Amino acid sequence: MKHPRKIIIDTDPGQDDAVAILLALASPDEIEVLALTAVAGNVPLPLTQRNARTIVELSGRDVPVFAGCDAPLKRKLVTAEHVHGKTGLDGIPLPDPVLALQDTHAVDFLIESLRHNAPGSVTLCPLGPLTNIATAFDRAPDIIPRVAEIVLMGGAYFEVGNITPAAEFNIYVDPEAAEIVFKSGVPLVVMPLDVTHKALTSRAWVEEMRGLGTPVGRAVASWTDFFERFDTAKYGSEGAPLHDPCVIAYLIEPGLFSGRHVNVEIETVSDLTLGMTVADWWRVTKRAPNALFIGSVDRDGFYRLLSERLARL
Ligand code: RIB
Ligand code: CA
């Protein structure tokens, strides 16, 4: 009997973060969500921690939510209300969460949780800027070898940037934090825009969600309607990329994805390319591979999994 994988989701909800969290909470046979740790990103921390609690309540599951860092390690916070709306979770109006925020700071929780659980038993799933993770690694280096794996959404190579011509948002917001994580030696699986831009929603799928007739179905459809408008206008595509759910889908069905184990380093100096994930895809350097950099997804399989799991909530 395979035991579910213990994970901590580090998140900046964000409509796509919300779908990823719901997918994880709908999959208890494969995934045990120990906690959500909120970080500043798409919107400021007071909103990301509130949104995280709202999403947990919508799921009907009981998962603790911790608030973490409210700003990048060394830079001013850059947010993305233009994509996610003023609340960060614009779409269907949802009641204020009743679930209390945990008193412990998310970074302290990450450290305590990794020290308490058996080495190699906890996977970290960052869906936003890497500030919480990097701060925990910096404050308690002893936890680094205890992390089983980091499966994150961030970066871009062939697909280039979405917040600047060179950088993807999660990495761009805190490039110094990303550098700490990418140089940590923890086994990394990276879901860059190269793959998430192939996981586009469709009108049929959004209507299928609405057709579930459940609070989750209605929320996911409304979030996607809201979230899509920015990407379809920008890229001229029919649907929008559901970035963060790729991380959770990989944990459940890794065979949906394919990539290459390469070296990935982070630009932290040049203003022109700040936050770029420099992936040595063609292995032209001798830099040691440090990440499984995912380049493609079985899109239909991905949405089949999403539909099946979200219908459970
Ligand atoms: O660039 C996409 C990423 O930035 C996603 O995680 C989205 O939620 C935002 O955080
Ligand atoms: Ca996110």
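Go over the site of ligand 1 with me, naming the residues and quoting the values.
Neighbouring ligand 1 are 13 residues, the closest being D16, L127, N162, E168 and D244. Here L127 contributes a backbone N or O atom positioned 2.8 Å from an oxygen atom of ligand 1. With respect to ligand 1, the side chain of N162 contributes an N or O atom lying 2.9 Å from an oxygen atom. Considered on its own, ligand 1 offers 280 Å² of accessible surface; in the complex 97% of this is hidden by protein. Where the shell around ligand 1 is concerned, the elements lending two or more residues are helix 1 (15-25) and helix 6 (169-173).

Quick rundown of the coordination of the calcium ion (ligand 2)? Include the residues and the values.
The calcium ion (ligand 2) binds to the protein through D12 (OD), D17 (OD), D17 (OD), L127 (O) and D244 (OD), with metal-donor distances spanning 2.3 to 2.6 Å. For the calcium ion (ligand 2), the donor residues sit on a single chain with the sequence spacing D-x4-D-x109-L-x116-D. Remark: L127 occurs in the loop between strand 4 (122-126) and helix 5 (131-139) and D12 occurs in the loop between strand 1 (5-11) and helix 1; sequence separation between them is 115 residues. Note on accessibility: D12 and L127 belong to one class, buried.

Summarise unusual backbone geometry; cite the residues concerned and give the values.
The phi angle at V160 is positive, at roughly 50 degrees, despite the residue not being glycine. Residue classification places V160 among the partly exposed positions, given a relative accessible area of 44%. Not every positive phi belongs to a glycine, and R283 is a case in point at roughly 50 degrees. Tracing the sequence through the fold places R283 in the loop between strand 9 (277-279) and strand 10 (291-297).

Tell me about the state of the cysteines, and please be specific about residues and values.
Inspection of every chain in the model, using the stated rule, returns 0 disulfides. For C246, which is in no disulfide, the shortest distance to another cysteine sulfur is to C125 and amounts to 13 Å.

Lay out a nonpolar patch on the surface with the relevant residues and their values.
A surface patch of nonpolar side chains, amounting to about 400 Å² of accessible area, comprises F158, W282 and V284. You can call W282 exposed: its relative accessible area is 57%.

Would you mind going over the pairing of strand 10 in detail, with residue names and values included?
Judged by how many residues are buried, strand 10 sits mostly within the fold: 5 of 7 residues are covered. Here 3 bridges tie strand 6 (residues 188-191) to strand 10, and the two strands are oriented parallel to one another. Note that in strand 10 the partner of V190 across the bridge is F293. Where strand 7 (residues 257-262) and strand 10 come together, 6 bridges link them in antiparallel fashion. Counted as the bridge partner of V262 is A291 from strand 10.

Hey, could you go over the sheet that holds strand 10 for me, with residue numbers and the actual values?
Pairing within the open sheet is mixed, and its 8 strands lie in the order 3-2-1-4-5-6-10-7. Unpaired on one side and paired on the other, strand 3 (65-67) and strand 7 mark the two borders of the sheet. The sheet shows a mean angle of 25 degrees between the axes of neighbouring strands, taken without regard to direction. The strands that helix 1 touches are strand 1 and strand 2 (31-38); relative to strand 1, the one it contacts most, it runs at about 165 degrees. Together, strand 1, strand 2, strand 3, strand 4 and strand 5 (147-153) form the strand contacts of helix 4 (residues 106-116), whose direction differs from that of strand 2 by roughly 150 degrees.

Rules and cut-offs
Residues numbered from 1 in each chain as written. Chains lettered and ligands numbered in written order. Predicted model: local features only at pLDDT ≥ 70, side-chain atom pairs only at ≥ 80, totals over all residues. Heavy atoms only, no water. Near = heavy atom within 4 Å. Polar contact = N/O pair within 3.5 Å; in protein donor to acceptor, adjacent residues only side chain to side chain. Areas by Shrake-Rupley, 256 points an atom, 1.4 Å probe, with all protein chains shown as cover. Helix = DSSP H or I, 4+ residues; strand = E, 2+ residues; numbered from the N terminus. Donors = N, O, S within 2.8 Å, 3.2 Å for Na, K, Ca; no water. Buried < 20%, exposed > 50% of the residue type's maximum accessible area, 1.4 Å probe, protein only. Disulfide = S-S within 2.5 Å. Patch = residues over 30% accessible without salt bridge, like charges linked within 9 Å, V, L, I, M, F, W, Y side chains within 5 Å. Salt bridge = Lys/Arg side-chain N within 4 Å of Asp/Glu carboxyl O. Pairing = 2+ DSSP bridges. Axes fitted to C-alpha atoms, helices over the stretch in contact; angles between N-to-C directions. Contact = heavy atoms within 4.5 Å.

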